[in-house]
Every structure is written in C-alpha cells, then in structure tokens.
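So the chains spell out like this:
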Amino acid sequence: VWYWRGSWMVLDNYLWGFTTERQDVNVSLGWGILLSAVCMGLTSEPFVSLIDRRFDLDTDSSSSSTNTTRRILWALGSLRTWVLAWGTVSYWRVVWY
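The sections below set out a description of the structure shown in this document.

### Description of the environment of leucine 73
1) Next: Assignment of secondary structure puts leucine 73 in helix H4 (residues 63-96).
2) Next: What makes leucine 73 partly exposed here is its relative accessible area of 23%.
3) Next: Note: C-alpha distance between leucine 73 and arginine 93 (20 residues apart in sequence) is 30 Å.
4) Next: For leucine 73, the residues in contact, after removing those within four places along its chain, are Asp52 and Phe55.

Structure follows, in structure tokens:
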C-alpha cells in the first residue's frame, strides 16, 4: 500500500503538477499511458526471454561463472519487478482519472 500511494503521488507530482487546468490533466494522462506501455513492453515475456537466453546457464561452466550469472539474472529480475510496478501504478492512475 505504501509503495502504491507513494509512487502514485510521485507520478501526480511529475506528470501532472497538481494544476487545475484540464489540459494539464490530459497531458499527464497521455504521459501515463506512454509510461505504462513502455514499462509493460520492457517487462513482457518475449523481451525477458531474449535476456534470459543471453545469460543461459551452462552446466559445464565453472561455479564462479554460474554464480555470477545467477546474480545478474536475480538483479535483472528485481529490476523487472520494479519497472513492472511503476507501469502498473501508472496504468491504474490513468484508468482512475
């Protein structure tokens, strides 16, 4: 709940600016749609599978190499979750306004 509320306020502040003009709200919603589409595209399964194939784990490789690859994949997975969370909040912000 705290992440949702905080990220919603950050998006309102930077995309909308809390003005009362209808044009500013419409521009903010346009940027919100664009942000959510980019975030959803970057975290989609076809895009992520390309990255996974790039770091394919070899069972014959050394264990330090395998551990490094697993750490990289873990970091990319965490980044994917973070980007997807921003895209989701941006999407629902557009829907609810």
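Following the structure, the description resumes.
### Let's talk about a nonpolar patch on the surface
1) Next: Among the surface-exposed residues, Trp4, Met40, Leu84, Tyr91, Trp92, Val95 and Trp96 lie close enough to one another that they form a single nonpolar patch of about 660 Å² accessible area.
2) Next: Counting residues per element, the nonpolar patch draws most heavily on H4, at 5 residues.
3) Next: Among the secondary structure elements, tryptophan 96 is positioned in helix H4.

What counts, and at which threshold
Residues numbered from 1 in each chain as written. Predicted model: local features only at pLDDT ≥ 70, side-chain atom pairs only at ≥ 80, totals over all residues. Heavy atoms only, no water. Helix = DSSP H or I, 4+ residues; strand = E, 2+ residues; numbered from the N terminus. Buried < 20%, exposed > 50% of the residue type's maximum accessible area, 1.4 Å probe, protein only. Contact = heavy atoms within 4.5 Å. Patch = residues over 30% accessible without salt bridge, like charges linked within 9 Å, V, L, I, M, F, W, Y side chains within 5 Å. Areas by Shrake-Rupley, 256 points an atom, 1.4 Å probe, with all protein chains shown as cover. Salt bridge = Lys/Arg side-chain N within 4 Å of Asp/Glu carboxyl O.

Limitation: the analysis is restricted to geometry and does not speak to function.
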